[in-house]
Amino acid sequence: MTKHIFVTGGVVSSLGKGLTSASIGLLLERRGLRVRMQKMDPYINVDPGTMSPYQHGEVYVLDDGAETDLDLGHYERFTHAPLNKDCNYTTGKIYLSVIEKERRGDYKGKTVQVIPHITDEIKNCIRKVSTTDVDVVITEIGGTVGDIEGMPYYEAIRQYALDVGRNNCLFVHLTLVPYLKAAGELKTKPTQHSVIELRKIGIQPDILVCRTEREIPENECEKIGFFCNIERRAVIEERDKEFSIYEVPLSLVENKLDQLIVEKLGLTQAKPLAIEDWRQMIERMRSPAHEVTIGFVGKYVKHRDAYKSVYEAIDHAGIYHHAKVRVVRLDSEKLAAEGAEKALAGVDGLLVPGGFDKRGIDGKVDAIRFARETNLPFFGICLGLQCATIEFTRNVVGLPDANSTEFNKATPQPVVCLLDDQKVVTNLGGTLRLGAYPCRLLPGSKAHRAYGADVVSERHRHRYEVNNAFRELLSAHGLVISGTSPDGSLVEAIELSSHPWFVAVQCHPEFQSKPTRPHPLFRDFIGASLENRRAKKNDAEGARRLAVVAG
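Residues numbered from 1 in each chain as written. Predicted model: local features only at pLDDT ≥ 70, side-chain atom pairs only at ≥ 80, totals over all residues. Heavy atoms only, no water.

Enquirer: Please give an account of the overall build of the chain that cites residues and values.
Expert: Scanning the chain from terminus to terminus reveals 20 helices and 23 strands. Scaling as 2.2 N^0.38, a compact globule of 551 residues should have a C-alpha radius of gyration of about 24 Å, and the chain matches this with 26 Å. Here the C-alpha coordinates of the chain stretch approximately 75 × 70 × 45 Å along the principal axes. The contacts of the chain with a sequence gap of at least 6 include a subset with a gap of at least 24, amounting to 74%. Total accessible area on the chain stands at roughly 23,400 Å², and carbon and sulfur atoms take up 50% of it. Positive and negative side-chain charges in the chain, numbering 72 and 73 respectively, have mean positions lying 2 Å apart. (Helix = DSSP H or I, 4+ residues; strand = E, 2+ residues; numbered from the N terminus. Rg over C-alpha atoms; globule rule 2.2 N^0.38 Å. Contact = heavy atoms within 4.5 Å. Areas by Shrake-Rupley, 256 points an atom, 1.4 Å probe, with all protein chains shown as cover. Lys, Arg positive; Asp, Glu negative; His and termini not counted. Charge placed at Lys NZ, Arg CZ, Asp CG, Glu CD.)

Enquirer: Before we move on, can you summarise the environment of Cys 228 with the specific residues and values?
Expert: Here Cys 228 lies in helix H8 (residues 218-228). A sequence separation of 24 residues divides Cys 228 from Gln 204, and the C-alpha atoms of the two residues are 8.6 Å apart. Those residues within four positions of Cys 228 in sequence are excluded, and the remaining contacts are Thr 191, Gln 192, Val 195, Arg 199, Gln 204 and Leu 208.

Enquirer: So what about empty space enclosed by the protein? Which residues, and what values?
Expert: This structure, assessed with the given rule, holds 1 cavity of 30 Å³ or more. Approximately 70 Å³ is the volume found for the largest cavity. Along the walls of the largest cavity sit 13 residues, with Cys 439, Tyr 451, Val 456, Glu 458 and Cys 507 positioned nearest its centre. Elements represented by at least two residues in the lining of the largest cavity include exactly strand E18 (433-441), helix H18 (446-451), strand E19 (455-462) and strand E22 (491-496). Taken together, the residues that form the lining of the largest cavity break down as 10 nonpolar, 1 polar and 2 charged. (1 Å grid on protein atoms, 1.4 Å probe; cavity = no way out; pocket = protein on both sides within 12 Å on 5 of 7 lines; lining within 4 Å. Points joined across faces, edges and corners; volume = space filled by probe spheres on them. Nonpolar A, V, L, I, M, F, W, Y, C, P; charged D, E, K, R; others polar.)

Enquirer: Would you mind going over unusual backbone geometry in detail, with residue names and values included?
Expert: Residue Pro 116 follows Ile 115 across a cis peptide bond; omega there is 15°. Relative to the helices and strands, Pro 116 is located in helix H5 (residues 114-128). Phi angles above zero are rare outside glycine, and Lys 256 is one such case at about 60°. Note on placement: Lys 256 falls in the loop between helix H9 (248-254) and helix H10 (257-265). A relative accessible area of 52% places Lys 256 in the exposed class. Phi at His 322 is positive, roughly 55°, even though this residue is not glycine. Mapped onto the elements, His 322 comes out in the loop between helix H12 (308-320) and strand E13 (323-331). (Buried < 20%, exposed > 50% of the residue type's maximum accessible area, 1.4 Å probe, protein only.)

Enquirer: Go over H10 with me, naming the residues and quoting the values.
Expert: Among the residues making up H10, those that are buried are Leu 257, Asp 258, Leu 260, Ile 261, Val 262 and Leu 265. Elements in contact with the buried residues of H10: strand E1 (3-9), helix H1 (17-29), strand E7 (169-176), strand E10 (207-212), strand E11 (235-239) and H9. Backbone geometry just after H10 places Gly 266 at a positive phi near 65°.

Enquirer: Tell me about the side chain of Ser 529, and please be specific about residues and values.
Expert: Examined against the element boundaries, Ser 529 turns out to sit in helix H20 (residues 520-550). When sequence neighbours within four positions are dropped, the list of residues in contact with Ser 529 reads Val 292, Ile 294, Asp 348, Gly 349 and Pro 377.

Enquirer: Go over the pairing of E13, please, and point to the residues and values.
Expert: Sheet topology places strand E12 (residues 290-298) next to E13; 9 bridges connect them, and they run parallel. Bridging from a neighbouring strand, Glu 291 pairs with Lys 324 of E13. (Pairing = 2+ DSSP bridges.)

Enquirer: Describe the packing of aromatic side chains, listing the residues and the values that go with them.
Expert: Counted under the stated rule, the structure contains 17 aromatic pairs. When the ring of Trp 501 is compared with that of Phe 525, the centres are 5.9 Å apart and the planes differ by 45°; the resulting orientation is tilted. One end of the pair, Trp 501, is in the loop between E22 and strand E23 (502-505); the other, Phe 525, is in helix H20, and 24 residues separate them in sequence. There is no split in this pair, since Trp 501 and Phe 525 are both buried. Residue placement shows Arg 214 over the ring face of Tyr 179; its charged tip is 3.7 Å from the ring centre. Between Arg 433 and the ring centre of Tyr 437, over which it is positioned, the NZ or CZ distance is 4.8 Å. (Phe/Tyr/Trp six-rings, centres within 6.5 Å; stacked < 30°, edge-to-face > 60°. Lys NZ or Arg CZ within 6 Å of the ring centre and 35° of its normal.)

Enquirer: Now, about the pairing of E22: what can you tell me, with residues and values included?
Expert: Within E22, 6 of the 6 residues are buried, leaving the element largely enclosed by the surrounding structure. Sheet topology note: the strand E21 (residues 479-484)/E22 ladder contains 5 bridges and is antiparallel. When the sheet's bridge partners are listed, Thr 484 is paired in E22 with Val 491. Between the antiparallel neighbours E21 and E22 lie 6 residues, among them Gly 488 with a positive phi of about 80°.

Enquirer: Describe the pattern of salt bridges, listing the residues and the values that go with them.
Expert: As enumerated under the stated definition, the model contains 41 salt bridges in all. Among the ionic pairs, Asp 120 bridges to Lys 123, the shortest N-O distance being 3.6 Å. Here Lys 123 and Asp 120 lie together in helix H5, a separation of 3 residues that amounts to about one turn. With relative accessibility at 30%, the residue Asp 120 sits in the partly exposed group. The exposure class assigned to Lys 123 is buried, which follows from its relative accessible area of 7%. (Salt bridge = Lys/Arg side-chain N within 4 Å of Asp/Glu carboxyl O.)

Enquirer: Residues and numbers for the sheet that holds E10, please.
Expert: In space, the 7 strands of this open sheet follow the order E5-E2-E6-E1-E7-E10-E11, with parallel pairing throughout. Strands at the two margins of the open sheet, each flanked by one partner only, are strand E5 (88-90) and E11. Each strand axis lies, on average, 20° off the axis of its neighbour in the sheet, ignoring direction. Taken together, the 3 bridges between strand E2 (residues 35-41) and E5 define a ladder with parallel strand orientation. In the sheet register, Met 40 faces E5, and the bridge partner there is Tyr 89. Sheet strands in contact with H1 are E1, E2, strand E6 (136-141), E7 and E11, and its direction is about 175° off that of E6. On the sheet, H5 packs against E1, E2, E5 and E6 and is oriented at approximately 155° with respect to E2. (Axes fitted to C-alpha atoms, helices over the stretch in contact; angles between N-to-C directions.)

Bear in mind that shape data such as this cannot, by itself, settle questions of function.
Put into structure tokens, the structure is as follows:
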């Protein structure tokens, strides 16, 4: 029978349940087990697709087009567990399904209630990923125990444990052990109260993962275990990681969490842990041989989680090149006022990520102009490609009013526009071009050399496209269309052959990057930025020597 691990959180939000869940998944995979990952979110939105990045952070897109929580990005970066639309459910999606069944008459006149109908729906969602080819399903429950909106999920997993047998389920509870500076003490009471809330619901946690800034003394761990009815070895300290989130699995190994899970779930098929390559990766991160600075021009840079996967993909490329990547986050609105020359002084490469609406567009376009004119390595993603197309059309082709109809519906030169099938869309949610699409690459192009393949598949999340009516004009002026849909109808990648590294793509390649396998476009972009840094250093050294000779 498939085993289940339910990960819950208490005391405060943002404790890192997603990272802990992903780390557990990694450790079990590294012991030869087949894992599936799942996230239950208690908000009423059907999915995060219409939510502001400031509210929710990035929207993580899967191959099947599901718009999901950013924790699924952690799952994919840490594990090889296949993810699809059944791996992320929200209260909105659960209730929508129940209401649709009620409208069809599926409940045969019964009164539809939270128990059993909502809880049964939640349990059915868990069963969808509990297939015969899976050893362990890890289900993370979003929010914090005690929150009213999360109660159906806690009741559902309590029931689920009874359905499949308590010996086939494990409850892992993540809590906070805060340090009070004034008292000079770590406080365990919040953890105790969090467990009390769980036990009121009928759930006794098997393992406590205690987030803390400082080492928890042995006597405090014993105290936590005693008052929470948990054996001492199941009280796991998880100290804050100032260096990298990729250290979390190793911290859990030090606390023998993987051994504990294997034992408690009776996973007799588990093999010895094989994680040496992960340790070596962390060592490379700790001892970089190089350094590079990337200018990151975006609309939501004040909220780091808005571009979570992009930042991670940059780090992955840095690991590959044994380089420390310093990211300078630049608000595109402020850059428009300050000027690209000043804002980008000192950076070795420029990355312009995705986004929506017209705010900050002028700053992005100006930054791209600067990169094109000064041979600064440039990488554009989604909106970054559209802004690069606008900039090229205005300043190289000579059409100063070129724009996207997203920003100016009346533009006389709509170089970026809606496709016909998008013009009839009225609902915002779930109506973008979403999920994995194939792309045919131009042989000999930078993108083709990076991928080392003729056709690739990448995930998309956008509504606007390069206007095919302008493609011939753009090409005539030197813009290389290096990637298209297989039938040639959609522009997927552009670049400049005369530039050291100027590449933009309509997709979101960051979603397929891993710390042990960086995405090829990010890898080559960071490589080009490192080469630019070396060239500038050599030029500066040459100028210094000439000055010495002249002096």
